[in-house]
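Architecture at a glance
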Number of protein chains: 2
Amino acid sequence: MAKLSIKDIAQRCNTSITTVSFVLNGRADEKRISRDLKEKILKTIEDTGYKQNQFARGMRTGKTNIIGLIIEDISNVFFSAVARIIEEDAYKRGYKIIYCSTDDNTEKTKELIKLFIEQNLDGYIITPPKGLEDEIQLMINNKIPVVLFDRYFVDLETDYVVVDNFNASKKAVQHLFDSGFENIALVTTSSDQTQMVERLNGYEKTLIKNGKKPKILKIPFNQSAEENIKAISTYLKKNKELDAIFFSTNYLAFKGLEAISQLKLKIPDDLAVVAFDDQDFFRIYNPSISAIGQPVKDISLKLIDILLQKMESDEKPIEKITLSTNLIVRNSSIKVK
Amino acid sequence: MAKLSIKDIAQRCNTSITTVSFVLNGRADEKRISRDLKEKILKTIEDTGYKQNQFARGMRTGKTNIIGLIIEDISNVFFSAVARIIEEDAYKRGYKIIYCSTDDNTEKTKELIKLFIEQNLDGYIITPPKGLEDEIQLMINNKIPVVLFDRYFVDLETDYVVVDNFNASKKAVQHLFDSGFENIALVTTSSDQTQMVERLNGYEKTLIKNGKKPKILKIPFNQSAEENIKAISTYLKKNKELDAIFFSTNYLAFKGLEAISQLKLKIPDDLAVVAFDDQDFFRIYNPSISAIGQPVKDISLKLIDILLQKMESDEKPIEKITLSTNLIVRNSSIKVK
DNA sequence: TAGTTATACTAAAATGATTTAGCAACAAGA
DNA sequence: TCTTGTTGCTAAATCATTTTAGTATAACTA
């Protein structure tokens with residue numbers, strides 16, 4: 001079964017390539033192709049199983065029907081959950097997804113974006129690491145549709161979908177105060193990306209408002225898992241007065257739970273815990289862990305929606321979307337008398 | 001900055017398109033292009049930032065430099081871990097990855113494969129749901145490089161990478177017997193795919209060898225999370241004599257832990273537990289959960305390796321690779337006196 | 001009846017690469 | 001001097017589409 005081309009279809013129907021092309025692209029009525037001929041062409045396509053050659057098509061139209069998903073780490077539950085929903089929705093609308101993980105590494109991401117752009121993808125969903133302002137701006141200048149998520153650049157006019165990290169953090173910390181905990185530390189990354197800065201600010205503001213001095217442990221990004229645990233463990237040993245910890249990411253909460261477990265501290269009696277990014281694990285863990293749930297589904301659908309709109313019209317006004325989060329209170333942050 | 005074509009490069013170098021193309025494809029020496037001209041062309045490409053148009057290239061060569069990754073569920077930790085490693089390695093070797101999740105749904109997967117094939121990808125890595133024999137065979141007949149993983153079809157001559165599910169299962173169950181547990185049940189899916197059948201067989205054989213009657217709970221694939229938990233919970237209540245459970249997948253172990261926790265049973269005193277597919281969660285959970293670890297890295301690298309070899313030569317002999325697993329014994333399966 | 005308009009189609013250019021087949025110039029050998 | 005071989009390059013065909021700028025015929029209008 002040799003590969004069929006539009007030419008073969010045209011021959012079988014005693015018509016021209018042009019006419020077949022019009023029918024193929026749904027322009028039969030607009031181009032006044034008779035109903036009979038249109039039906040005949042459609043039937044021949046059906047019977048022969050002819051498929052358009054995507055290379056030739058792309059060459060003329062410049063379209064690939066592929067979206068680039070450039071995220072921090074596909075193996076992180078939060079991102080893979082987003083990837084799953086985006087994928088589902090994209091396929092329904094006729095798009096495929098190429099993904100890559102950045103590790104939040106600036107140089108690596110620049111390389112990846114260059115690679116993707118060579119491939120002429122139709123649009124991009126990106127969680128940018130720091131220092132990517134120029135690349136993003138360049139894409140915008142070249143009218144390449146881009147939507148950022150999870151974080152954004154303050155002085156860049158881009159579409160983005162993020163959550164209200166500041167208030168999420170505030171809510172979580174205030175909840176700890178309301179539950180009777182008084183010495184609340186923050187464990188976060190040493191990143192200065194918007195999402196992290198906002199989580200930190202929310203924490204600081206709430207501590208000051210409650211008349212307390214912020215206590216912050218910043219974990220560098222390039223440390224190994226063991227070093228993470230060690231750092232948290234050392235910090236806990238040095239600051240015995242702490243009775244609660246707020247973790248700013250799910251993976252730090254993981255490390256923290258390991259450290260707490262190693263130190264044989266009881267949650268919440270010795271130390272209360274709240275984490276950012278909810279997941280099954282926190283519900284099942286014993287005690288169950290309170291967490292801030294991001295609206296993964298809404299984030300994902302918004303992302304695709306904005307991106308597809310942008311791909312259809314580059315006049316679309318810029319949308320900056322901030323979604324609210326959901327504090328899920330579980331046993332790890334409720335005082336037991 | 002208008003798009004540059006190979007023609008522009010040729011003009012700037014006072015040479016022909018052909019010559020530039022030869023240099024571009026590393027055939028300069030073979031085609032006896034003089035060192036001077038080659039250098040000049042290379043420099044011009046460098047200076048102008050010219051990039052080959054992938055559509056035009058693909059049109060002639062039929063190559064996309066894209067691999068299709070068709071897996072059960074990108075949001076499942078096992079698969080996203082594999083996706084992560086495959087991605088890393090593929091990019092290093094100049095390939096990009098398009099992914100999609102099948103949900104192990106036969107019809108959906110057929111659709112997806114059709115879609116992918118239209119896109120002319122260079123090769124495929126697939127975890128096939130049942131009933132996909134014909135599609136896979138068709139791909140092989142059409143000389144499309146395919147490697148299966150996680151499961152395979154017994155009567156299909158395909159390359160695949162799987163783990164030794166039978167012996168993994170045997171090891172896990174025998175370990176429970178050796179630790180002094182006597183009434184061991186299996187909780188598995190009602191799937192008849194190779195990996196599940198082998199896990200079940202390993203369990204059954206080991207029970208019979210130890211003079212016990214197998215006790216198996218099969219959970220249908222289309223049930224909701226709540227129904228899963230309910231089913232396990234009901235089963236446990238009905239079979240009070242059980243003192244250990246072996247879960248055949250990570251997600252069933254999750255549901256099981258929830259059920260066990262709801263029934264206020266103590267692990268391992270009331271019920272010992274071993275799960276398939278290790279993950280961070282099991283190490284951190286209290287008590288830590290014994291699990292069978294799949295060699296995720298080896299699986300992923302083998303997959304890419306075989307696929308790329310197949311893409312280079314369709315004469316490559318078929319490789320059927322079975323990797324061994326690693327039983328990680330933790331507190332959930334050790335008797336406390 | 002001549003001119004206009006609508007209908008139903010099509011020839012050919014263009015997209016940007018790869019590759020086959022072959023040419024011109026010169027050197028070496030007979 | 002003629003033949004053969006080597007070096008260094010190139011013209012043109014080809015890949016499968018989309019789209020522009022038409023054409024031919026029929027129908028309608030003044």
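Everything quoted here is computed from the prediction, not taken from an experiment.

A short note on helix α4 (residues 54-61) of chain A
An α-helix turns once per 3.6 residues; consequently, residues spaced three or four apart project the same way. Taken as a whole, α4 of chain A has its buried residues at Gln 54, Phe 55 and Gly 58 of chain A. The buried residues of α4 of chain A occupy an angular sector of 100° when projected down its axis, which confines them to one face. Looking at the packing, one finds that the buried side of α4 of chain A touches α4 (54-61) and α6 (106-118) of chain B. Of the residues that open α4 of chain A, the one with a side-chain oxygen 2.7 Å from the backbone nitrogen of Phe 55 of chain A is Asn 53 of chain A. Just beyond α4 of chain A, the residue with positive phi is Gly 62 of chain A, at close to 75°.

Examining the packing of helix α2 (residues 17-24) of chain B against helix α3 (residues 35-48) of chain B
Residues and elements named next belong to chain B. Here α2 crosses α3 at 80°, and the two axes come no closer than 10 Å. Our classification of the angle between α2 and α3 gives roughly perpendicular. For the pair α2 and α3, contact is made by Thr 19, Val 20, Val 23 and Leu 24 and by Leu 37, Lys 38, Ile 41, Leu 42 and Ile 45, respectively. Taken together, the residues that form the contact of α2 with α3 break down as 7 nonpolar, 1 polar and 1 charged.

Things to note about the interface of chain B and chain A
Chain B puts 47 residues into the contact, and the matching count from chain A is 47 residues. Counting each side, the surface lost to burial between chain B and chain A is near 4400 Å², with a carbon and sulfur contribution of 61%. A per-residue breakdown of the area chain B buries against chain A is headed by Phe 55, Tyr 99 and Ile 284 of chain B, which together make up 18% of the total. Linking chain B to chain A there are 10 salt bridges. A salt bridge links Glu 118 of chain B to Lys 51 of chain A, with the nearest nitrogen and oxygen atoms 3.7 Å apart. If you look at where chain B meets chain A, you find 16 residue pairs in polar contact (both at pLDDT 80 or more). Elements supplying a minimum of two residues to the side of chain B that touches chain A: α4, β1 (66-71), α5 (77-92), β2 (96-101), α6, α11 (250-262) and α12 (280-284) of chain B. In terms of residue count, the dominant contributor to the side of chain B that touches chain A is α5 of chain B (8 residues). Of the residues that constitute the side of chain B that touches chain A, the class distribution is 23 nonpolar, 11 polar and 13 charged.

Thoughts on the relation of the copies chain B and chain A
At an RMSD of 0.1 Å, chain B and chain A line up after a rotation of 180° and a shift of 0.0 Å along the axis. Taken together, the rotation and translation describe the operation of a two-fold axis. Taken together, the interface assignments show that 100% of the residues at the interface of chain B recur at the interface of chain A, consistent with an identical surface on both copies.

Thoughts on the UniProt feature "domain: HTH lacI-type" (unreviewed entry) in chain A
Cross-referencing UniProt, the feature "domain: HTH lacI-type" (unreviewed entry) maps to residues 4-61 of chain A in the present numbering. Across residues 4-61 of chain A, the secondary structure splits into 64% helix and 0% strand, with the terminal C-alpha atoms separated by 20 Å.

Calculation notes
- Residues numbered from 1 in each chain as written.
- Chains lettered and ligands numbered in written order.
- Predicted model: local features only at pLDDT ≥ 70, side-chain atom pairs only at ≥ 80, totals over all residues.
- Heavy atoms only, no water.
- Buried < 20%, exposed > 50% of the residue type's maximum accessible area, 1.4 Å probe, protein only.
- Helix = DSSP H or I, 4+ residues; strand = E, 2+ residues; numbered from the N terminus.
- Arc of directions from axis to C-beta.
- Contact = heavy atoms within 4.5 Å.
- Polar contact = N/O pair within 3.5 Å; in protein donor to acceptor, adjacent residues only side chain to side chain.
- Axes fitted to C-alpha atoms, helices over the stretch in contact; angles between N-to-C directions.
- Parallel < 35°, antiparallel > 145°, perpendicular 65-115°, else oblique.
- Nonpolar A, V, L, I, M, F, W, Y, C, P; charged D, E, K, R; others polar.
- Buried area = accessible area lost by both parts, 1.4 Å probe.
- Salt bridge = Lys/Arg side-chain N within 4 Å of Asp/Glu carboxyl O.
- Least-squares fit on C-alpha atoms with pLDDT ≥ 70 in both.
- UniProt positions renumbered as here; feature names shortened; annotations may be inferred.

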